Amino acid sequence: MSTPALLALAEELVAFGRKNGASQAEVLVRQGTEFSVDVREGEIEKLTEADSNGLTLRVFVDGKMARASSSDLSGETLHRLMANAIDRARLSSADPLAGLPEKNPLAIDVAALKIYDPALLDMPPEKKIAAARETEAICLADKRIKKSFGAGYRTNVGATLLANSNGFSGSYTRTSCSCYVYLQAGEGSNLFDEGWGDESPFLGRLETPEEIARKALHRVTRLIGGRKVETQNVPVVLEPPMTGSLLSFLFNCVNGNSIYLKQSFLAGKVGEQVGNELVTIIDDGTLPEGIGTKPFDAEGVPTQKTVVMEKGILRSYLMDTYAARKLGMKSTGNASGANNLYLAAGTSTPDEIIKSVSKGLLLTGTIGFGLVPTTGDISRGAFGLWIENGEIAFPVSEITISGNLGQILRGIQMVGNDLKFKDSITGPTMKIAEMTVGGK
Amino acid sequence: MIDINRRAFLRRGGIGLAATLTSGLWFDLLARGAVPPPSATLFEERFGVTREQMRAILASALSKGGDFSELYFEYKIRNSVRMEEDIIKDSSENITLGVGIRVLKGAQTGYGYTDDITFEKMKRTALTAAAIAAGTSRLSVADLTQKVSPLQVYDLQTPMKDVLLKAKVEMVKLAYTAAQSHDKRITKVQAGLMDEIQYVTIANSEGLIISDARPQVVLFVSSTAEENGVRNTGFKAAGGRTGQDFFLKTETPASIGNAASADAITLLSAIDPPAGEQPVVLGSLQSGVMIHEAVGHPLEADGNRKKTSIMWDKLGQQVANPIVTIYDDPTIPHHSGSMNVDDEGTIPTKTMLIEKGKLVGFLQDRLSAKLMNMDPNGHGRRASYRDVPIPRMANTVLGTGDAAVEDIIKSVKKGFFAETYQGGQVSDSGKFTFSVNMGYLIEDGKLTRPVKNATLIGTNVQILNEVEMIANDTRYFLGTCGKEGQSASVTAGTPTLKLRQMTVGGRS
């Protein structure tokens, strides 16, 4: 179905809901075209091509909500789902704060967001396969590489369409291409996996096979020979992907839903100094070419640039309409989650940061789930490089790192100048005063 | 950064999985309490896809010279109810309908899928998948013969699909109220019920056609306790491929709510774990996650066929202490990972992985089994019709030993006892972690202070040799397993066991 036809379908379903007893209705449709190739040891392992649809709807009947979703867009199914949802809504409890966002004029210039690359539509599959093969071949030429888990290339074209009974009707299309390789190195049973991948809305912005291969090789070979260290408290330097991982956890702690449910250590702390002055954290759904850029969120609220923390002072949570009403605030356009969430760049070079550490850990990878938003506690498996006297000394593995996000935010000592928007949640290199490394 | 190579086990629950069935006309086909009629190919009756059409699509898929083609039809209805802040916040009904078309050519896979199951669209999708091969048709498609699984591993006596939404709302309220009234320090509760029924039909170019109708239900509660500015969250989920009776007889909504709140209250006085290497006792409640990560994932056939798993060259070797026996059994009645038939039409069998310390088998799907010249054992699973089947666990179990739980704890002078988990994660290289939500210190052979948020880390080769004592109090942990972006419902079971030494991540 064409984009206008899908939008018409969404509008029709909203009208059907209103006519059949919904005080408010909202229909969101996603349509995507996917290409993906995985190669391993030079051969194509899997080739997938598909297009798909998905529809979600919400209805409110006198403040009572119900939801539904379907991959089947036949009129019969959708009308049945809408009617069922209206029936079910009556069994929910009335909640005066539940409902659609207020009518909000959408004044965003979608073209200025730069999330659509027509060149991607014309790229022949052979070129995508060749890029994946080339990325892997460069890596396999390196004798230190024991095995390849494979390399891959993916493209996606995705349309998002939203209509609601407050008169909102809008759509946008984004493109995405990505390339990755994942490798194994090491000896005997002391093996390490690492890799690298890159994603962009624009073909021309994607890292070349050479760049991706070089980074993947660097990331895996530097771990060879990793060993445990003694249990101790030391400064920890996070590489940019690790800063991003810490910010993903921070998102859970500033997400409006965690706040009104009091499942975050940051609940009730807006206006307070929760980090030191090096800490400025921003979510920007309008960032041109951003991986998380979109003109409006999953409720049709325009995205914006939200300062979450400014020089350590908590300024705002990231909220959808309901959480914002619960907290007496305004939606920040985060009904789809974090948009582009990042730690603002500092002034130090990554080299200066490593040089400042007399003994500590350069964290390059984590494994496991030990993240508790209620307390801010962090406990994870870790990999990295040991730093001694400002120099990389040797690789470490099978250790754990533990700390607390509240203490970390107050104890950030240096922030790097190497911020790049390669992920929707990201940040530069940074140095944390102290975490516990668990080892021998 | 695209993280493709981690395999993870997360405890079941959360809003994304929450859910309830309302009646759809589709359910009219299945009488109350009845086993689905084995001869019915549901997609023929409900969606009008005839066997002739299936054969024609399978033939299109082979038209470029593939060795094998397959259709995977899926129709799934998942419903949920969610309660928080003392009110039913919402309910949802989610429909998944589509077909995945797979073509194999040697070790290569061509895949296409569509949610539009008209003949024309399926045929186009088949031609896309066919392009993995670049020649002309060599094989014809056999006549489709209905096969019926001899297994019936689901509890269909009181199916959730027949339970009215009102009754489901009551179950959620009971769990919520029990959690809230457990202790006055409980400040917030969330409770949810998710149930689904998934209909699948698999047809392939070798002439197989087989169907399954799989129920699944989970009730979960998350409780937050607060005292003197300290806040902690406890969690409990229960369910399986079962029905309403489970919540009357096995785990009542109230027991689930109480368990979540009890954890939250205990955690209020919990301390940070002591960091470093120490003896570790894994309690039976949820420690199956260790078996899942340390043994299950590394023994999935794909990683061994590709020689990326640390175990690929160890078949027939002694890899663990002889007291260790580990198997995966998709035929355990009513468990969350159980299946009458896997997602490629193979009838699953209990599969020995490690027998008395010796590595004896892998978890196989069709492709790996063929390339490794072994038999498939019914572990080919997929998250949805959008995904290719890959070798997965179902219900992974460590066999019982003869030690008494008290003796195991008594044998530890100073160590750590792990009780509840957030989950675990493993890399292909065999390095894994478990994230312990709550445990206890062991001091002079006794459990003493509660401990929160500890990480255990190790490598599978090492941990298998650290198992020193095993009890016989097996319990199963309900979880969702993630691999290559695909999720699967699983359980993992273990008795209480002792590890001589493991690294515990904590604070010092």
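No experiment lies behind these values; they were computed from the predicted model shown. The residue numbers shown here count from 1 along each chain, following its written sequence. Chains and ligands are labelled by the order in which they are written, letters from A for the one and numbers from 1 for the other. Under the rules for a predicted model, residues below a pLDDT of 70 receive no local features and side-chain atom pairs below 80 are neither given nor counted, while totals for whole chains, interfaces and linings still include all residues.

What about the overall build of chain B?
Next up, step 1: Segments assigned H or I by DSSP are reported as helices when at least four residues long, segments assigned E as strands when at least two residues long, and all are numbered from the N terminus. Along its length, chain B carries 11 helices and 22 strands.
Next up, step 2: Computed over its C-alpha atoms, the radius of gyration of chain B comes to 24 Å, within 12% of the 23 Å expected for a compact globule of 508 residues.
Next up, step 3: When the backbone C-alpha atoms are referred to their principal axes, chain B occupies close to 70 × 55 × 40 Å.
Next up, step 4: For the exposure call, what matters is how many other C-beta atoms sit within 10 Å of a residue's own: 20 or more marks it buried, 12 or fewer exposed, and in between partly exposed, using C-beta atoms placed from the backbone. Relative to its full complement of 508 residues, chain B shows a buried share of 62%. C-alpha atoms define the radius of gyration, and 2.2 Å times the number of residues to the power 0.38 defines the globule rule.

A look at the domain arrangement of chain B
All names here are of chain B.
Next up, step 1: Segmenting chain B into domains produces domain 1 (6–268) and domain 2 (276–505).
Next up, step 2: Contacts between the two partners involve 46 residues from domain 1, matched on the other side by 42 residues from domain 2.
Next up, step 3: If you list the elements that add at least two residues to the side of domain 1 that touches domain 2, you get β1 (6–11), β2 (68–84), β3 (87–105), β4 (108–114), β6 (186–204), β7 (208–227), β8 (230–240) and α6 (253–268).
Next up, step 4: Gly is put with the polar residues, along with every residue not named as nonpolar or charged; the nonpolar set is Ala, Val, Leu, Ile, Met, Phe, Trp, Tyr, Cys and Pro, and the charged set is Asp, Glu, Lys and Arg. Grouping the amino acids of the side of domain 1 that touches domain 2 by side-chain chemistry returns 21 nonpolar, 13 polar and 12 charged. Domain start and stop positions are those given by an automatic or database domain assignment. Here contacts are defined at the residue level, using C-beta atoms placed from the backbone and a cut-off of 7 Å between them.

A few points about the interface of chain B and chain A
Next up, step 1: Counting residues at the interface gives 72 residues for chain B and 68 residues for chain A.
Next up, step 2: Looking at the side of chain B that touches chain A residue by residue, the classes come out as 21 nonpolar, 35 polar and 16 charged.
Next up, step 3: Being paired, for any two strands, means DSSP has found at least two bridges between them. Across four bridges, strand β3 (residues 64–70) of chain A lies against β3(B) in parallel orientation. Residue pairing for β3(B): A68(A) is matched across the bridge by E93(B).

Some details on helix α3 (residues 119–130) of chain B
Next up, step 1: Spanning 12 residues, α3(B) covers 16 Å between terminal C-alpha atoms, matching the ideal 16 Å at 1.5 Å per step.
Next up, step 2: Turning to α3(B), its buried residues number three or more, namely M122(B), T125(B), A126(B), T128(B), A129(B) and A130(B).
Next up, step 3: Considering only its buried residues, α3(B) is in contact with β2 (43–61) of chain A together with α2 (51–61), β3 and β4 of chain B. The span expected for a helix works out to 1.5 Å for each residue beyond the first.

Considering the packing of α2(B) against α3(B)
Helix-helix packing is characterised by the crossing angle of the two axes and by the distance between the axes.
All names here are of chain B.
Next up, step 1: It is at 7 Å that the axes of α2 and α3 come closest, and there the two elements cross at 25 degrees. When the axes of α2 and α3 are compared, the pair comes out roughly parallel. In this structure, α2 crosses over α3, and the sense of that crossing is right-handed. Contacts between α2 and α3 involve Q53, I57, S60 and A61 from the former and F119, M122, K123, A126, L127, A129 and A130 from the latter. For helices, the axis comes from a line fit to the C-alpha atoms of the stretch in contact; other axes are also lines fit to C-alpha atoms, and the angle between any two N-to-C directions lies between 0 and 180 degrees. Here the word oblique covers every angle except those under 35 degrees (roughly parallel), over 145 (roughly antiparallel) and from 65 to 115 (roughly perpendicular). Less than a right angle of anticlockwise turn of the near helix away from the far helix marks a crossing as left-handed, whereas a clockwise turn marks it as right-handed.

Digging into the nonpolar core
Next up, step 1: Joined through C-beta atoms within 7 Å, a set of buried Ala, Val, Leu, Ile, Met, Phe, Trp, Tyr and Cys residues constitutes a nonpolar core. Of all hydrophobic cores here, the largest spans 263 residues; its most connected members are A10(A), V27(A), L57(A), V59(A), V181(A), A175(B) and L219(B).
Next up, step 2: Not counting the four nearest positions on each side in its chain, L219(B) is found in contact with M171(B), A175(B), L193(B), A237(B), A238(B), G239(B), F247(B), P253(B) and I256(B).

Comments concerning the domain arrangement of chain A
All names here are of chain A.
Next up, step 1: Taken domain by domain, chain A comprises domain 1 (111–161 + 169–221) and domain 2 (226–440).
Next up, step 2: For domain 1 versus domain 2, the separation of C-alpha centres amounts to 25 Å.
Next up, step 3: Each side of the interface is counted separately: domain 1 has 14 residues, and domain 2 has 14 residues.
Next up, step 4: Elements supplying a minimum of two residues to the side of domain 1 that touches domain 2: β5 (169–187) and β6 (190–200).
Next up, step 5: Considering each element in turn, the side of domain 1 that touches domain 2 owes the most residues, four residues, to β6.
Next up, step 6: The residue makeup of the side of domain 1 that touches domain 2, split by class, is seven nonpolar, one polar and six charged.

A word on the environment of I101(B)
Next up, step 1: Following the sequence through the fold, I101(B) ends up in strand β3.
Next up, step 2: A C-alpha to C-alpha distance of 43 Å links I101(B) and V189(B), two positions 88 residues apart in sequence.

Focus on unusual backbone geometry
Next up, step 1: Located in the positive-phi region is E398(A), a residue other than glycine, with phi close to 55 degrees.
Next up, step 2: Mapped onto the elements, E398(A) comes out in strand β14 (residues 391–404).
Next up, step 3: Judged by local crowding, E398(A) falls into the buried class, with 24 C-beta atoms found within 10 Å.
Next up, step 4: Of note, N453(B) is a non-glycine position whose phi angle comes to about 45 degrees, a positive value.
Next up, step 5: Within the secondary structure layout, N453(B) lies in strand β18 (residues 446–459).

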